[in-house]
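# An overview of the molecular structure
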Amino acid sequence: MKRILLSLILLLPLFLNGVKVTASVNKSQLSTADRLEYTIKISNDGSINLSEPAAPQIKLFSFLGMNSSSSSSTTFSGLKATTHHTRTYTYTYLPLNTGTTTIPAQQIKIANQIHSTTPIQVSVVQSQTSPPAQSSPWVRNPFGYQDPDLFLTPGSMTGSTLLLAVPESRRVFKGEPVIVSYYLYTDQMVRSFNMEDEKDFPGYGKSIFTQPTNLEYENTTLSGKRYQRALLKRLALSPNTTGTIQTPILSGTARIYSFGYLSQGVASNPVDIEVMPLPRDNVPDSFTGAVGSFEVSGNVSSEELSLGEAITFTLRVKGRGNFNQFGNPVFPETPAQVSSPVTVDKLNAGIEGVRTLYYTIIPHDKGVYTLPGLSFSWFDPSSGSYRTYKSDAAQISVKSANVISYFSGLLDGSAPRSLQPMIARNAYHDYRSYLNMPWYWIIVAVILLMLIISGIKAFDKLQQRNNPIKYASKEADRALQKYLKEASAAAQDLSPAFYPLAEKGLMQYLTEKYGISNHLSNPDKIASLRDLGIEEDVLKRTADFLELCARARFMPPESSATNLAADLSALRQIVASFSKLREANHA
Amino acid sequence: MHRLGLILCLLVCAFGLAAQIKESEFDHLLKLDERGIRNADLYYNLGVGYWQTGQSGMATLYFLRALNLNSAHKPSQENLDYVISLSQDRELYPQRLFLVSLAFRIYDFLNLERLAIMALVMLLLASLSLHWLMHYDPEKERGLPSLIFGICLFLLITSALLLGVKSYRQTHNSKAVLIENVAELKTDADDASPRKAVIHEGLILVVGDSSKEWLQVSLPDGTKGWLPKAYVIRVNE
């Protein structure tokens, strides 16, 4: 048994490959102020060819609209490329009442196989926020203060106020949108109206078509009596069943002024609308459920292109109808690759406006193709018959790819063929440029500092190279300054160490300045200096000082300390004499 | 067996619940945007979301915002090209010559981060080559170190200039997008002034002067005119 289970688990990925259909909702528990988004996601390793699934009917909810998206990704494994396609349909619903309901499993037919989603249970709770009041503030408080409520009773006032639902038509076909207008009829002074509830009945989807923000009255007559009426709301109902449906009941409170204010509750009565089935005869093959009055047009972006380029076929459907209840037409078989269409809607309440479908066509081979016309069929309620639009067949000339097209292909590697899907990200970090990061400027500063140090070194070397004598003097001065400093310190401390330090500093100075070997004896060094043409007087004083230093080594410390000041002065004079000689030589 | 089945059922239920309670992705992105997070991927995803809800103007705006942060953001560029190719005013966009397109591609490829790194590397190379040149044996021919230093210095100056220009353009982006369905481009900042052109949602504009309630804008083909401020949203707004 364990082996069988293990085998099943190992084989599970194989079963998971291929078409996968899943359904999900944005919230499993929502309030009456929320919107329910029911998403059907279809993924497949091959292309997905299907019409849009019809919007599921969900108890307690009214269908508002639908949008779809598609994406694909290609994976290269060795020499084999696998393209994974995903298509998502999201249906939006408006909660009508509180309670719990189950979204039934949806049957999706793909490549002659039925795929089923799992049922999802959702619950609706009462919203904590009350619906916004609809009022006419410019009428309600014209003088800048609130009128007192006089607690009048309805019986103490004359006149009547009522709310009526007026459908555009009492007989419609299934799927044909019908507009229901809700008017407040009154012969009293209704200053504001607060909508409180909207009770729905089964058999239709609903969306708001018009929602005025002010009570704008017009004069009218009802049953022979003169009234003023103001439009409160217009709803678009899309019947999804045949038989009789009832318009939603709108209720609210009217605030009436008659020497004080009175609140009066009013509600509309449901109005029956007969929904007829669509004729079963002469249904065109390309009919995908569209019902309404449409103007349809289509065009191809270009009829000449090079191999590797793409063209777009655009289908525009304009008018009023059940845009959210019909699928996109499928392009006929062509020798080119045709993408599933990208839908762009400009619709009011999902029933009126323009829907534009963009099909991207990429030819596989060069030559002249006939692009077949695309058919779109719909049922026209005004004529009671099906109508079909078929675009003209177009001759597409595909030239071979030339050098320029190779280049254009290089640049158009990102040429638009379809909208790229969203990028999956777990987190979005706030953007901060490197230029605002401290580490960037620290690196710049370090590089510049290193450059400055290197520059100083190079300048030093350059000086040494260009004027070696001057450089040697400079170095010797530095050395002497160092040893003289130490010798001076020793003299001030009356230390006998003065003599060896003074001798060492002086000899190093002379060695570095005149290039005399440090290994020679003092008399030999003096002789070498003489050979270099140093004045005899200076040489004699130097020799005397060196002899003094030699003698001081064998003298008792007390006797040498007495002459330290004088000997330091003598050393300074010798150094000064050499410096003068140097300046004289330079001169 | 029963235990395994139970575990599998629990896992399936857990995954199902997780899918159900998942917040709408687009709402989540909008909240992040409201919080002021600037991120090219976030702007890109918002652009896709707006496009899927039929708001081509906002989609164009957010693709431009993504490219403003990262000019090498390829999916944003692709989607922007795609949205432009479907717009009603696509003919207004100029067709670039091959070499000009190539230059713009290279300029876009070098986003601010890449340019910053390139400038840093060039600074380092120029410093090293200058160091080499300074310490080079004077007895030898100095042509090679001089050439290398010259090349590095040229690239350093170029990348630094590009970095400056790009950084300035990022913070002073004058592009804007028309978000009104249809708008009339006026010759003056006045409703009564004559109409110059009729333009549609999603058109990319360059903003010039502005008055109290009007903006002077340039269309992609160079036409200048005035539009009400409420009709457009600037990329850097």
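Every chain is numbered independently, its residues counted from 1 as its sequence is written. As a convention, the first chain written is A and the first ligand written is 1, with the rest following in written order. Only residues with pLDDT of at least 70 are given local features in this predicted model, and only at 80 or more are side-chain atom pairs given and counted; all residues enter the totals for whole chains, interfaces and linings. Here the side-chain values reflect all heavy atoms present in the structure, with hydrogen atoms and water set aside.

### As for the nonpolar core
By size, the foremost hydrophobic cluster in this structure holds 68 residues, and its most contacted members are Y440 of chain A together with W51, F63, L163, I199, L205 and L227 of chain B. Helix numbers and strand numbers start at the N terminus; a helix is a DSSP run of H or I with at least 4 residues, a strand a run of E with at least 2. At nine residues, the largest contribution of residues to this core is made by helix 4 (residues 56-69) of chain B. Y440 of chain A has contacts with Y434 and L435 of chain A together with A116, A119, L120 and L163 of chain B, leaving out every residue within four places of it along the chain. Remark: nonpolar core denotes a set of buried residues (Ala, Val, Leu, Ile, Met, Phe, Trp, Tyr, Cys) joined through side-chain atoms within 4.5 Å. Relative accessibility decides the category of a residue: with a 1.4 Å probe and only protein chains considered, values under 20% of the type maximum give buried, values over 50% give exposed, and everything between is partly exposed. Working rule for contacts: check all heavy atoms of both residues, and any pair within 4.5 Å makes them a contact.

### As for the packing of helix 7 (residues 522-531) of chain A against helix 8 (residues 536-552) of chain A
Packed helix pairs are specified by the crossing angle of their axes together with the interaxial distance, meaning the distance between the axes. Residue and element names in this part refer to chain A. Every angle, taken between N-to-C directions, lies between 0 and 180 degrees, and every axis is a line fitted to C-alpha atoms, over only the stretch in contact when it is a helix. Contact geometry for helix 7 and helix 8: axes closest at 10 Å, N-to-C directions at 170 degrees. One way to sum up the angle between helix 7 and helix 8 is to call them roughly antiparallel. Residue-level inspection shows N522, I526, L529 and R530 of helix 7 in contact with helix 8, the latter providing E536, L539, T542, A543 and L546. Under the convention adopted here, Pro, Cys and the residues Ala, Val, Leu, Ile, Met, Phe, Trp and Tyr are nonpolar, Asp, Glu, Lys and Arg are charged, and Gly plus all remaining residues are polar. Across the contact of helix 7 with helix 8, the residue classes break down as five nonpolar, two polar and two charged. In these notes the angle categories are as follows: under 35 degrees is roughly parallel, over 145 is roughly antiparallel, 65 to 115 is roughly perpendicular, and the rest is oblique.

### Description of a nonpolar patch on the surface
Each patch is assembled from residues with relative accessible area greater than 30% and no salt bridge, linking like charges that lie within 9 Å and nonpolar side chains (Val, Leu, Ile, Met, Phe, Trp, Tyr) that lie within 5 Å. Accessible surface area values rest on a Shrake-Rupley calculation with a 1.4 Å probe, where residue burial reflects the displayed protein chains alone. One speaks of a salt bridge when a side-chain nitrogen belonging to Lys or Arg is within 4 Å of a carboxyl oxygen belonging to Asp or Glu. Side chains of W439 and I443 of chain A together with I117, V121, L124, L125 and L128 of chain B sit close together on the surface and give an oily, nonpolar patch of about 550 Å² of accessible area. At the level of secondary structure, the elements contributing two or more residues to the nonpolar patch comprise helix 4 (438-466) of chain A together with helix 7 (112-134) of chain B. Of the residues forming the nonpolar patch, the biggest block, five residues, is contributed by helix 7 of chain B. In this structure, V121 of chain B sits in helix 7. Classification of V121 of chain B by relative accessible area gives partly exposed; the value is 40%.

### Description of the interface of chain A and chain B
Between chain A and chain B, the contact holds 52 residues from the first and 59 residues from the second. Across the interface of chain A and chain B, roughly 4900 Å² is buried in total on both sides, 65% from carbon and sulfur atoms. In this structure, the connection of chain A to chain B is made through two salt bridges. Here E201 of chain B and K346 of chain A are joined by a salt bridge, their closest N and O atoms 2.4 Å apart. In protein, a polar contact means a hydrogen-donor-capable atom and an acceptor-capable atom, both N or O and within 3.5 Å, with residues adjacent in sequence counting only if both atoms are side-chain atoms; elsewhere, any N or O pair within 3.5 Å suffices. Where chain A touches chain B, the interface holds 17 residue pairs in polar contact (both at pLDDT 80 or more). Of all the secondary structure elements, the ones that give two or more residues to the side of chain A that touches chain B are strand 1 (20-25), strand 4 (61-77), strand 9 (120-125), strand 26 (342-348), helix 3 (403-411) and helix 4 of chain A. Broken down by class, the residue content of the side of chain A that touches chain B amounts to 26 nonpolar, 14 polar and twelve charged. Note on terms: buried area is the combined drop in 1.4 Å-probe accessible area of two parts once they are placed together, counting the loss on both.

### Describing empty space enclosed by the protein
All names here are of chain A. Cavity means a closed set of points on a 1 Å grid over the protein atoms alone, one where a 1.4 Å probe fits but cannot get out, pocket means an open set with protein on both sides within 12 Å along at least 5 of 7 lines, and lining means a residue has an atom within 4 Å of a point. Grid points are joined across faces, edges and corners, and a volume is the space filled by probe spheres set on the points. Considering all chains together, one arrives at two cavities of 30 Å³ or more under this definition. Taken as a whole, the second largest cavity spans an internal volume of roughly 60 Å³. Listing elements by their share of the lining of the second largest cavity, those giving two or more residues are strand 27 (352-363) and strand 28 (367-371). Considering every element that reaches the lining of the second largest cavity, the biggest residue donor is strand 28, with three residues.

### Quick word on the sheet that holds strand 21 (residues 272-276) of chain A
Residue and element names in this part refer to chain A. Taken together, the three strands give an open sheet; going across it, the order is 12-21-18, and neighbouring strands pair in mixed fashion. Here the strands that pair on one side only, and so sit at the sheet edges, are strand 12 (171-173) and strand 18 (243-246). The sheet shows a mean angle of 35 degrees between the axes of neighbouring strands, taken without regard to direction. Between any two strands, at least two bridges found by DSSP are needed for them to pair. Strand direction decides the pairing type here: strand 12 and strand 21, joined by three bridges, are parallel. Bridging across to strand 21, F173 finds its partner in M276.

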